[in-house]
Amino acid sequence: MKTLSTLQDEVIALSKKVGDFILEESKNFDKEAIELKGLNDLVSYVDKTAEAQLVAGLGEILPEAGFIAEEGTSTKVGDLYQWIVDPVDGTTNFTHGLPIFAVSIALMRGKEIVLGVIYEVNRKECFYAVKGSKAYCNGKEIRVSSVERLEESLLATGFPYYNFEKMDRYLRILNGFMQGTHGLRRMGSAAVDLAYVACGRFEGFFEYNLKPWDVAAGVLIVQCAGGKVTDFKGGNEAVFGKEIVAACDIHPHMQQKIDAVWNDR
């Protein structure tokens, strides 16, 4: 078995190679190539081809691992290890020509995320971490923001593109944060949002209706950068629970305000 450090280096190299393919395709992408998987759930040949490249490359890096991949390129189940893969996190941005999208790759051992790599394609920024180590971007250590007061924070969020049943509650949460922070941003890529929390550009990020491939890598990177990540109730189900709050020291204030509205506490 390779060390996590060796695996990390190989995954970084692969993410950059696939990222170069995605970036090249973005230059002449034709919107006629957009397909719909569901309501407002877009995909294209770029997502599918990029995921196939990632599955092939990751299969060589760690042959015994299975896959949890957004486009279902591989449904192999590993005995201990699973790759969690999003080839283009921010597909809607990509298809509309907005330059905010990323390759996101995580490695899960049992039920624990032990490696995370996020490659932001347009800025060529690679964020990465392995369990028990520090977090880095392009070779430099990163840390979450030192801001301690919610009133001094800049937050990121995302809006649901389906399942609007709890929109009224979500809008109440947004209203509270709009009035009690430096502002809210909606980047369109949960992986990028989490990477930016990890390096201190955002103090916090929250969203619901997310999938494991959206957040798995980012959860570990934020934690290794000194941040805290939970679900809306403050529990440990951020990767598979479809809810996430990730932040620096303001996390308890964010989580409590969200929980109070979301769960009518």
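About the criteria used
- Residues numbered from 1 in each chain as written.
- Predicted model: local features only at pLDDT ≥ 70, side-chain atom pairs only at ≥ 80, totals over all residues.
- Heavy atoms only, no water.
- Helix = DSSP H or I, 4+ residues; strand = E, 2+ residues; numbered from the N terminus.
- Rg over C-alpha atoms; globule rule 2.2 N^0.38 Å.
- Buried < 20%, exposed > 50% of the residue type's maximum accessible area, 1.4 Å probe, protein only.
- Contact = heavy atoms within 4.5 Å.
- Areas by Shrake-Rupley, 256 points an atom, 1.4 Å probe, with all protein chains shown as cover.
- Lys, Arg positive; Asp, Glu negative; His and termini not counted.
- Charge placed at Lys NZ, Arg CZ, Asp CG, Glu CD.
- Axes fitted to C-alpha atoms, helices over the stretch in contact; angles between N-to-C directions.
- Left-handed = near helix turned anticlockwise from the far one by under 90°.
- Nonpolar A, V, L, I, M, F, W, Y, C, P; charged D, E, K, R; others polar.
- 1 Å grid on protein atoms, 1.4 Å probe; cavity = no way out; pocket = protein on both sides within 12 Å on 5 of 7 lines; lining within 4 Å.
- Points joined across faces, edges and corners; volume = space filled by probe spheres on them.
- Expected span 1.5 Å × (residues − 1).
- Arc of directions from axis to C-beta.
- Core = buried A, V, L, I, M, F, W, Y, C linked by side-chain atoms within 4.5 Å.
- Polar contact = N/O pair within 3.5 Å; in protein donor to acceptor, adjacent residues only side chain to side chain.

Draft legend 1. Main features of the overall build of the protein. Within the protein, the regular secondary structure consists of seven helices and 14 strands. Relative to the globule expectation of 18 Å for 265 residues, the C-alpha radius of gyration of the protein, 17 Å, shows essentially globular dimensions. Overall, the C-alpha framework of the protein stretches about 45 × 45 × 30 Å when taken along its three principal axes. Per-residue burial over the protein gives 55% buried out of 265 residues. Excluding contacts between residues fewer than 6 apart, the proportion of contacts in the protein whose partners are at least 24 apart in sequence is 61%. For the protein, the exposed area adds up to about 11,700 Å²; of that, 49% sits on carbon and sulfur atoms. Taking the 29 positively charged and 37 negatively charged side chains of the protein as two groups, their mean positions are separated by 4 Å.

Draft legend 2. Spatial organisation of the packing of helix H4 (residues 167–180) against helix H7 (residues 251–262). Close contact between H4 and H7 brings their axes to 9 Å; oriented N to C, the two are set at 145°. Taken as a pair, H4 and H7 cross one another with a handedness that is right-handed. Of the residues in H7, those in contact with Arg169, Tyr170, Arg172, Ile173 and Phe177 of H4 are Met254, Lys257, Ile258, Val261 and Trp262. Here the contact of H4 with H7 is composed, by residue class, of seven nonpolar, no polar and three charged.

Draft legend 3. Seen up close, the layout of surface pockets. Taken as a whole, the second largest pocket encloses approximately 370 Å³ of empty space. In terms of lining, the second largest pocket is formed by 14 residues, of which the most central are Lys111, Glu112, Ile113, Asn236 and Val239. Sorting the residues of the lining of the second largest pocket by element identifies strand E6 (112–120) and helix H6 (212–224) as the ones contributing at least two each. It is H6 that contributes the most residues to the lining of the second largest pocket, three residues altogether.

Draft legend 4. Structural view of H7. Its 12 residues give H7 an end-to-end C-alpha distance of 16 Å, which sits within 8% of 16 Å, the value for a rise of 1.5 Å per residue. For H7, the complete set of buried residues consists of His251, Met254, Gln255, Ile258, Asp259, Val261 and Trp262. All buried residues of H7 project into a common sector of 170° when viewed along the axis, lining one side. Buried residues belonging to H7 abut strand E10 (154–157), H4, strand E12 (204–208), strand E13 (228–230) and strand E14 (243–247). Of the residues trailing H7, Asp264 is marked for its positive phi of about 55°.

Draft legend 5. Here's a closer look at the nonpolar core. Of all hydrophobic cores here, the largest spans 60 residues; its most connected members are Phe127, Phe177, Phe206, Ile244 and Met254. A per-element tally of this core places H6 first, with nine residues. Filtering out sequence-adjacent residues up to four positions away, Phe127 remains in contact with Gly116, Val117, Ile118, Tyr136, Cys137, Ile142, Ala195, Tyr196, Cys199, Arg201 and Ile221. Formed by 37 residues, the second largest nonpolar core is a distinct cluster that contains Leu7, Leu14, Val46 and Ala69.

Draft legend 6. Region of interest: the environment of Asp86. You can see Asp86 is positioned in strand E4 (residues 81–89). Judged by its relative accessible area of 1%, Asp86 falls in the buried class. A C-alpha to C-alpha distance of 8.9 Å links Asp86 and Ile68, two positions 18 residues apart in sequence. Apart from residues no more than four positions distant in its own chain, Asp86 is found in contact with Glu70, Ala102, Val103, Ser104, Trp213 and Asp214. A polar contact is formed between the side chain of Asp86 and the backbone nitrogen of Asp89, at a distance of 3.5 Å.

Draft legend 7. Structural view of H6. The end-to-end C-alpha distance of H6 is 18 Å, a good match for the 18 Å that 13 residues give at a rise of 1.5 Å each. The element H6 is largely enclosed, with a buried count of 12 among its 13 residues. Gly226 sits one or two residues past H6 and shows a positive phi near 100°.

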